[in-house]
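# Reading the structure
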Amino acid sequence: MSDTTIVTNSPVGRHLDSLGEGKPASYLMFNHKKVELVAKITIGRDTDNDVVVDNKLASRHHAMIQKIKDAYFIKDVGSTNGTFINDVRIPNEKYVKLNPGDKISIGNMNLVVS
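Remember, it's a predicted structure, so these values are computed and weren't measured experimentally.

Counting its secondary structure elements, the protein contains one helix and 11 strands. Helices and strands in the protein line up, N terminus first, as α-β-β-β-β-β-β-β-β-β-β-β. Within the protein, residue pairs in contact and separated by at least 24 positions form 39% of the contacts whose partners lie at least 6 positions apart. Surface accessibility of the protein: about 6200 Å² in total, with carbon and sulfur atoms responsible for 50%.

As structure tokens, then:
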């Protein structure tokens, strides 16, 4: 398993990387809540996640956001229904760069990177 981003080797990655160029993200907004982006954030239905998604379409351990150098990346960790960035499904187990304004969709819940 390689931890390279899809940015360098797929059209989807290059498209996602081109969206929202600018200053780095610093927090997530969802359900009128603000979650600071830290070195690693887990997202899923299980209560041991940093961001708990109360939705049956979300896997118990669905996705992970990780800081790599000075940027944040999201990775779908083998979820059943997938993780979407700006309505484009990202591949399992590949890191995708997040930019301010990106919409992360997990099940029917949306998180906005700000």
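Within soluble globular proteins, side chains that are nonpolar generally end up buried alongside one another. Ile65, Ile74, Leu98, Ile104, Ile106 and Leu111 are the most contacted members of the largest nonpolar core, which totals 21 residues. Elements with a minimum of two residues in this core: strand E1 (27–30), strand E3 (40–44), strand E5 (63–68), strand E6 (71–76), strand E10 (103–106) and strand E11 (109–113). Excluding residues within four positions of it along the chain, isoleucine 104 makes contact with Leu28, Ile65, Ile74, Thr83, Phe84, Ile85, Leu98, Met109, Asn110, Leu111 and Val113.

Okay, the pattern of salt bridges next. Within this structure, the stated rule accounts for two salt bridges. Of the charged contacts in the structure, one is a salt bridge between glutamate 93 and lysine 75, with a shortest N-O distance of 3.7 Å. Of this pair, glutamate 93 sits in the loop between strand E8 (88–89) and strand E9 (95–97) while lysine 75 sits in strand E6, placing them 18 residues apart in sequence. By relative accessible area, glutamate 93 is classed as partly exposed at 25%.

Consecutive residues of a regular strand have side chains that alternate between opposite faces of the sheet. Strand direction decides the pairing type here: E3 and E5, joined by four bridges, are antiparallel. By the bridge assignment for E5, isoleucine 43 is matched with alanine 63. In the sheet, E5 pairs with E6 via six bridges, with the strands oriented antiparallel. Bridge assignment links isoleucine 65 to a residue of E6, and that residue is isoleucine 74. Hairpin connection from E5 to E6: two residues lie between these consecutive antiparallel strands, with lysine 69 at a positive phi of about 55 degrees.

What counts, and at which threshold
- Residues numbered from 1 in each chain as written.
- Predicted model: local features only at pLDDT ≥ 70, side-chain atom pairs only at ≥ 80, totals over all residues.
- Heavy atoms only, no water.
- Helix = DSSP H or I, 4+ residues; strand = E, 2+ residues; numbered from the N terminus.
- Contact = heavy atoms within 4.5 Å.
- Areas by Shrake-Rupley, 256 points an atom, 1.4 Å probe, with all protein chains shown as cover.
- Core = buried A, V, L, I, M, F, W, Y, C linked by side-chain atoms within 4.5 Å.
- Buried < 20%, exposed > 50% of the residue type's maximum accessible area, 1.4 Å probe, protein only.
- Salt bridge = Lys/Arg side-chain N within 4 Å of Asp/Glu carboxyl O.
- Pairing = 2+ DSSP bridges.

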